[in-house]
Amino acid sequence: MAHETDGLAVVTGGAGGIGAATCERLASAGMRVVVADLDGARAEAAAARLVGAGHLGMQLDVADTPVVKERLDALVAEHGQVHTLINVAGWDRFVPFVDTTPEFWDQVIDINYRGTLNTVHAVLPGMIEAGYGRIVSVASDAARVGSSLESIYAGAKGAVISFSKSVAREVAKNGVTVNVVCPGPTDTPLIRSMADDLGSGERFMEALTRAIPLRRLATPDDIAPAIAFLASEEARFITGQTLSVSGGLTMA
Ligand SMILES: NC(=O)c1ccc[n+]([C@@H]2O[C@H](COP(=O)([O-])OP(=O)(O)OC[C@H]3O[C@@H](n4cnc5c(N)ncnc54)[C@H](O)[C@@H]3O)[C@@H](O)[C@H]2O)c1
C-alpha cells in the first residue's frame with residue numbers, strides 16, 4: 001500500500017510564513033518536500049534548510065494555469081508521484097468592497113482560488129492512479145465568518161472550502177482525502193504588510209490580539225501541525241473537513 005513518505009509533498013507558498021513552517025514539519029516526518037513559490041530564490045533557500053535529503057525548490061506562479069500543469073508534470077516525470085499537495089500560496093490587501101476594481105478581483109481570485117484549482121487539477125490524476133493522496137488547502141476564517149475589507153479574498157477562500165468538499169466526495173473511493181485548514185490572524189509578512197497599509201499597524205495588531213480568546217496571534221508553528229496531521233497517513237478517515245486554527249477567534 002502507498003504511504004505518505006513514498007511520494008513527493010508539494011507545498012505552494014512554501015517560502016512564506018505558514019508555508020515554510022509546514023515544509024519543516026513534513027520534512028521532519030520523513031517526507032520529500034518540494035517548496036514551490038512565486039519567489040524561486042526563497043523557495044530554493046527554504047528547501048536547502050530542511051532536514052533530510054532530496055528536497056527541491058521550485059519557482060511557481062500558482063495562478064498561471066498552463067505553467068502549473070507543465071511544471072508539475074515535469075516534476076512527476078523526473079522525480080516521481082506527488083502523494084501530498086499542500087496549497088498555502090495566498091495573497092490579499094485590505095480594501096473596502098466599493099473601492100475594489102475588477103483587476104483586483106481577478107488578482108485575488110486567481111491566486112487564492114484558481115491557484116488551488118490549477119495545482120489540484122495537475123496532481124489529482126496521479127493520486128487517483130496511485131490509490132493514495134492527501135490534499136490540504138489553506139483557506140481562512142475570513143471565509144467562514146466574513147471579514148471587513150476582505151470581501152473578495154473571503155469569497156475566494158470560501159470557494160476553496162466548497163471546492164475541496166466537492167472534490168473530497170469525488171475521490172474518497174480512490175484513497176485521496178481533501179481537507180482545509182483555516183488560520184485565524186497569524187503573525188507573518190502577509191498580515192504585517194496588510195496592517196501597514198491601514199496606517200495603524202500596531203494598533204490593529206493589538207485590537208486583533210484582544211479579540212482572540214487565547215490572547216495572541218498565531219505563529220506559523222501553531223498552524224503547521226494541523227496541516228501536517230491532515231497530510232499524514234494517520235488522517236485517513238478524515239475528508240471534506242474544514243479546521244479552524246485561530247485561538248478560538250471563531251467557533252463555527
Ligand atoms: N497570516 C494570516 O493572518 C493568515 C490568516 C488566514 C489565512 N492565511 C493564509 O495562509 C496562507 C499563507 O499566508 P502567510 O500568512 O504565510 O503569508 P506569506 O506572505 O508569509 O506567505 C505566502 C507565500 O505565498 C507566496 N505566493 C504569493 N502568491 C503566489 C503565487 N501566485 N504563486 C505561488 N506562490 C505565491 C508568497 O511568495 C509567499 O511566500 C495564505 O493562503 C493566506 O491567505 C493567512
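Note that the coordinates shown come from a computational prediction; the quantities given were computed from them, not determined experimentally. (Residues numbered from 1 in each chain as written. Predicted model: local features only at pLDDT ≥ 70, side-chain atom pairs only at ≥ 80, totals over all residues. Heavy atoms only, no water.)

1. Side note on the pattern of salt bridges
Stage number 1. Taken as a whole and judged by the stated rule, the model has 7 salt bridges.
Stage number 2. Across the pair R192 and E202 runs a salt bridge whose closest N-O atoms are separated by 3.4 Å. In this pair, R192 is assigned in helix α7 (residues 189–197) and E202 in helix α8 (residues 201–211), connecting sequence segments 10 residues apart.
Stage number 3. Judged by relative accessible area, which is 34%, R192 ranks as partly exposed.
Stage number 4. The salt bridge involving R216 is made with D222; its shortest N-O contact spans 2.7 Å.
Stage number 5. The class of R216 is partly exposed, set by a relative accessible area of 45%.
Stage number 6. Relative accessible area serves as the criterion here: at 28%, D222 is assigned to the partly exposed category.
Stage number 7. Overlapping salt bridges, with partners in common, bring together D187, R192 and E202 in one network. (Salt bridge = Lys/Arg side-chain N within 4 Å of Asp/Glu carboxyl O. Helix = DSSP H or I, 4+ residues; strand = E, 2+ residues; numbered from the N terminus. Buried < 20%, exposed > 50% of the residue type's maximum accessible area, 1.4 Å probe, protein only.)

2. Focus: the side chain of T119
Stage number 1. Residue position: T119 is located in helix α4 (residues 102–130).
Stage number 2. In contact with T119, not counting residues within four places along its chain, are T12, V62, V68, L72, L85 and N87. (Contact = heavy atoms within 4.5 Å.)

3. Observations regarding a negative patch on the surface
Stage number 1. Taken together, the side chains of D61, E103, D106 and D110 present a region of like negative charge at the surface.
Stage number 2. In this fold, D110 is placed in helix α4. (Patch = residues over 30% accessible without salt bridge, like charges linked within 9 Å, V, L, I, M, F, W, Y side chains within 5 Å. Areas by Shrake-Rupley, 256 points an atom, 1.4 Å probe, with all protein chains shown as cover. Lys, Arg positive; Asp, Glu negative; His and termini not counted. Charge placed at Lys NZ, Arg CZ, Asp CG, Glu CD.)

4. Brief notes about unusual backbone geometry
Stage number 1. With a phi close to 70°, L149 is a non-glycine residue in the positive phi region.
Stage number 2. When you line up the elements, L149 lands in the loop between α5 (141–145) and α6 (151–171).

5. Quick look at the site of the ligand
Stage number 1. If you check the shell around the ligand, you find 28 residues, and the closest are D37, V88, Y153, T186 and T188.
Stage number 2. In the model, an oxygen atom of the ligand is placed 2.6 Å from a nitrogen or oxygen of the D37 side chain.
Stage number 3. At 2.8 Å, a backbone N or O of T186 approaches an oxygen atom of the ligand.
Stage number 4. Computed on the free molecule, the ligand has an accessible area of 820 Å², of which 92% lies beneath the protein chains in the complex.
Stage number 5. Looking at the shell around the ligand, the elements that each hand over two or more residues are α1 (17–28), α6 and α7.
Stage number 6. Sorting elements by how many residues they give to the shell around the ligand places α7 first, with 3 residues. (Near = heavy atom within 4 Å. Polar contact = N/O pair within 3.5 Å; in protein donor to acceptor, adjacent residues only side chain to side chain.)

6. With respect to a nonpolar patch on the surface
Stage number 1. Together, F97, W105 and I109 give the surface a local cluster of nonpolar side chains, amounting to about 270 Å² of exposed area.
Stage number 2. Given a relative accessible area of 34%, I109 falls into the partly exposed group.

7. As for the sheet that holds strand β7 (residues 242–245)
Stage number 1. Spatially, the 7 strands line up as an open sheet ordered β3-β2-β1-β4-β5-β6-β7, and their pairing is parallel. If you trace the sheet from one side to the other, it starts and ends with β3 (56–59) and β7, each paired once. The average angle at which neighbouring strand axes cross in this sheet is 20°, direction not considered.
Stage number 2. In the sheet, strand β1 (residues 8–12) pairs with strand β2 (residues 32–37) via 5 bridges, with the strands oriented parallel. Looking across to β2, one finds that V10 is bridged to V34.
Stage number 3. Across the sheet, helix α2 (residues 40–49) touches β2 and β3, and the angle it forms with β3 is around 170°. (Pairing = 2+ DSSP bridges. Axes fitted to C-alpha atoms, helices over the stretch in contact; angles between N-to-C directions.)

8. Description of the environment of S246
Stage number 1. Structurally, S246 is set in the segment after β7.
Stage number 2. For S246, a relative accessible area of 8% translates into the label buried.
Stage number 3. Remark: the alpha-carbon pair of S246 and A211, spanning 35 residues in sequence, is separated by 11 Å.
Stage number 4. Those residues in contact with S246, other than ones at most four positions away along the chain, are D141, G184 and I212.

9. Notes on the packing of aromatic side chains
Stage number 1. Counting across every chain of the model gives 4 aromatic pairs.
Stage number 2. Measuring from ring centre to ring centre gives 6.0 Å for W91 and F104, while their planes differ by 65°; the resulting arrangement is edge-to-face. Of the two residues, W91 sits in the loop between β4 (82–87) and α4 while F104 sits in helix α4, which places them 13 residues apart along the sequence.
Stage number 3. Here W91 falls in the partly exposed class, since its relative accessible area comes to 22%. (Phe/Tyr/Trp six-rings, centres within 6.5 Å; stacked < 30°, edge-to-face > 60°.)

10. Some words on α7
Stage number 1. Taken together, the buried positions of α7 are I191, M194 and A195. On an axial view of α7, the arc spanned by its buried residues comes to 100°, and they lie on one face. Seen from the open side of α7, the exposed residues pointing more than 90 degrees away from its buried face are P189 and D196. (Arc of directions from axis to C-beta.)

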